[in-house]
Amino acid sequence: MNSAVKQPPEPPDAPAPAAAAAAAPSAAAYRNLVMATIGFALTFWAWNLIAPMSGDYKDRLGLSSFQQSLLVAVPVLVGSLGRIPVGALTDRYGAKLMFPLVSALTIVPVLLLIPARNSYGVMLAVGFLLGLGGTTFAIGVPLVNSWFPPARRGFALGVFGMGMGGVALSGYFTPRIAKHGDNLPSLVVAGALVVFALLAAVLVSDHPGRKVPTDTLAHRLGDAARLRVTWELSALYAIGFGGIVAFGVYLPTYLKTWYEMSPTEAGAKAAGFALVTVVFRPIGGWLSDRVHPALVTAGALLLAALMAVVQAFEPPLNPTGTIALLAMAAGLGTASGSVFALVSQVTPQAKVGSVTGIVGAMGGLGGFVPPLVMGAIYSAKDSYAIGFMLLSDLALAGCVYAYARMRNLQRGG
């Protein structure tokens, strides 16, 4: 990039940009990618523990549709906003410290779900703490970004993004595990997090050439917030990833309410939706290594917009509704992968954590609002059509902006 001319020379242990770009990823790079993806998946499962059982909580606690939506949405809100400081802290202290630390701390609210299940107020409080599990996204992106050369980052970040399959794991397994005991899902996830936190403390490593910022947290966040591209990417990610999170946490409720499915059936269908987004996220990254990621984003959001229109007409689930929902999942998954391929191209390495925190937070916030809107609209109109039309409008706006403005951004190292 042009700014590289004005920067001081690289430290002796840092690879030259040209060499770094041409070098094949090391075994350590792939080890960190695998660990980051597993950790992301497990903490996302923890983050989403409430949603698959929301119908049970609604019946148990006598909740309205809006109260049920709020219970599901609170962890999403906290996990989203928490990415901002966690991303900046990762820039400063590294993923080797942050990954095992955040994973270990997430165990606490996972276990607190057990005594909290009979009180709505306490469940909201525990859901607030459970949001911590949603912050690991801002740890994994700068870790993976630092280990892979620019030509491979899109695909690598897409593979890491498959960790959001933790939502699918939660949707499919949590109701089934709960059949063998109400407390068992929390115990299983807590045990998995204990094992991962111990392994991460040993196996996760920061890149030896990682530049450690010396300025304050507030200054780093301010620098990231002053970049125009931070907010442009945030808007696109709020639509793409926000749509994924929204459907991940609300789809079981939607299927149970509108199509009268059992919690187990609804969880399985929602897991299928999440699985498709997981598969298409690395495809979005892979395409973005070959075509400008803004073009990939525009095409993916256009597909999502069209499928949202189809679903707004409330078609039968088999086959039209299923096809529309899965195609929408493919579009949203591809867009979420391509947006972060763009982040890796236009953001200086030392600021990736801070920018990722802000962009990831906006993506999560994009997932916080729709469940509340869908619940409120259904309570008022006894229909989900308006909610799907709003999603279509947002996706179409993102498509137009990505094509008209973002495709002019130049690739950078």
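Model, not experiment: these values are computed from the prediction.

Conventions adopted
Along each chain, the written sequence defines residue order, and numbers are assigned to residues from 1. Residues qualify for local features only when their pLDDT is at least 70, as the model is predicted, and side-chain atom pairs are given and counted only at 80 or more; totals for whole chains, interfaces and linings, by contrast, use all residues. Water and hydrogen atoms play no part in the side-chain values, which are based on all heavy atoms of the structure. Helical segments are the DSSP runs of H or I of at least four residues, strand segments are the runs of E of at least two, and each set is numbered from the N terminus. Helices are assigned an expected span. That span is 1.5 Å times one less than the residue count. Remark: exposure states derive from per-residue accessible area (1.4 Å probe, protein chains only) relative to the maximum for the residue type, with buried under 20%, exposed over 50%, and partly exposed in between. Summarising the geometry, the arc corresponds to the directions from the helix axis toward the C-beta atoms. Pairing of aromatic side chains requires ring centres within 6.5 Å, counting the rings of Phe and Tyr and the six-membered ring of Trp. Pairs whose planes differ by under 30 degrees are stacked, by over 60 edge-to-face, and all others tilted. Every definition here rests on a 1 Å grid over the protein atoms only: cavities are sets of points where a 1.4 Å probe fits but cannot get out, pockets are open sets enclosed by protein on both sides within 12 Å along at least five of seven lines, and lining residues have some atom within 4 Å of a point. Grid points are joined across faces, edges and corners, and a volume is the space filled by probe spheres set on the points. Amino acids outside the nonpolar list (Ala, Val, Leu, Ile, Met, Phe, Trp, Tyr, Cys, Pro) and the charged list (Asp, Glu, Lys, Arg) are all regarded as polar, and Gly is one of them. Confidence of the predictor in every single residue is expressed as pLDDT, which spans 0 to 100. Between two residues, a contact is recorded if the distance between any of their heavy atoms is within 4.5 Å. Note on method: axes are straight lines fitted to C-alpha atoms, helices fitted across the in-contact stretch only, with angles between N-to-C directions ranging 0 to 180 degrees. Small angles under 35 degrees read as roughly parallel and large ones over 145 as roughly antiparallel, with 65 to 115 read as roughly perpendicular and the rest as oblique. For salt bridges, the criterion is a side-chain nitrogen of Lys or Arg within 4 Å of an Asp or Glu carboxyl oxygen.

Asker: Which residues make up helix 10 (residues 184-203), and what values go with them?
Answerer: With 20 residues, helix 10 should reach 28 Å at 1.5 Å per residue; the first-to-last C-alpha distance of 28 Å fits that figure. Among all positions in helix 10, only Pro185, Ser186, Val189, Ala190, Leu193, Phe196, Ala197 and Ala200 are buried. Along helix 10, the residues classed as buried sweep out an arc of 130 degrees about the axis, all on the same side. Turned more than 90 degrees away from the buried face of helix 10, the exposed residues are Leu198 and Val202.

Asker: Explain the packing of aromatic side chains to me, and be specific about the residues and the numbers.
Answerer: Enumeration according to the criterion identifies 9 aromatic pairs in this entry. Ring geometry for Phe40 and Phe44: centres 4.5 Å apart, planes at 70 degrees, overall edge-to-face. Taken together, the residues Phe40 and Phe44, both in helix 2 (residues 27-47) and 4 residues apart, mark about one turn of the helix. You can call Phe40 buried: its relative accessible area is 0%. Taking 4.6 Å as the distance between ring centres and 50 degrees as the angle between the ring planes, the aromatic pair formed by Phe44 and Trp47 counts as tilted. Of the two residues, Phe44 and Trp47 are both situated in helix 2; the distance of 3 residues between them amounts to about one turn of the helix.

Asker: Tell me about empty space enclosed by the protein, residues and numbers included.
Answerer: Any empty space left between the atoms is revealed when a probe the size of a water molecule rolls over them. Taken as a whole, this structure holds 5 cavities of 30 Å³ or more when the rule is applied. Its boundaries defined by the atoms lining it, the largest cavity holds a volume of some 60 Å³. Along the walls of the largest cavity sit Ala51, Pro52, Met53, Ser54, Gly55, Asp56, Gln68, Pro252, Thr253, Lys256, Pro263 and Ala266, which together make up its complete lining. Within the residue set of the lining of the largest cavity, elements represented by two or more residues are helix 3 (54-61), helix 12 (228-258) and helix 13 (263-288). Across the lining of the largest cavity, the residue classes break down as 6 nonpolar, 4 polar and 2 charged.

Asker: Quick one: what's the story with the confidence of the model for the protein, residue by residue and with numbers?
Answerer: Fine structural detail should not be taken from predicted coordinates in areas where pLDDT scores are low. Summing up the model confidence of the protein, the mean pLDDT is 82 and the portion of residues at 70 or higher is 91%. Across the protein, the element-wise mean pLDDT spans from 44 in helix 1 (residues 17-22) up to 95 in helix 10. With pLDDT under 50 throughout, residues 1-22 is counted as low confidence; its partners more than four residues away or in other chains account for 10 contacts.

Asker: Any chance you could break down the packing of helix 4 (residues 65-93) against helix 6 (residues 120-130) for me, citing the residues and the numbers?
Answerer: Where helix 4 contacts helix 6, the axes come no closer than 7 Å and their chain directions differ by 25 degrees. In this view, helix 4 runs roughly parallel relative to helix 6, as classed from their interaxial angle. Residues Gln67, Leu70, Leu71, Val74, Pro75 and Val78 of helix 4 touch helix 6, and the partners they reach there are Tyr120, Met123, Leu124, Gly127 and Phe128.

Asker: Any details on the side chain of Thr277? Residues and values, ideally.
Answerer: Its location among the elements puts Thr277 in helix 13. A relative accessible area of 1% places Thr277 in the buried class. Leave out the neighbours within four places in its chain, and Thr277 touches Met164, Ile244, Ala329 and Gly333.

Asker: Would you mind going over the pattern of salt bridges in detail, with residue names and values included?
Answerer: Within this structure, the stated rule accounts for 4 salt bridges. Where Arg405 meets Glu232, a salt bridge forms, and the shortest distance between an N and an O atom there is 2.6 Å. Separated by 173 residues along the polypeptide, Arg405 in the segment after helix 17 (385-404) and Glu232 in helix 12 bring together distant segments of the chain. With relative accessibility at 6%, the residue Glu232 sits in the buried group.

Asker: Quick rundown of the environment of Phe66? Include the residues and the values.
Answerer: Counting through the fold element by element, Phe66 comes out in helix 4. Here Phe66 falls in the partly exposed class, since its relative accessible area comes to 40%.

Asker: So what about the layout of surface pockets? Which residues, and what values?
Answerer: Looking at the second largest pocket, its volume works out to about 410 Å³. Forming the boundary of the second largest pocket are 20 residues, of which Gly366, Val369, Pro370, Leu391 and Leu394 lie nearest the centre. Those elements that provide at least two residues to the lining of the second largest pocket are helix 12, helix 16 (352-381) and helix 17. It is helix 12 that provides the largest number of residues to the lining of the second largest pocket, a total of 8 residues. Residue classes in the lining of the second largest pocket are distributed as 16 nonpolar, 4 polar and no charged.

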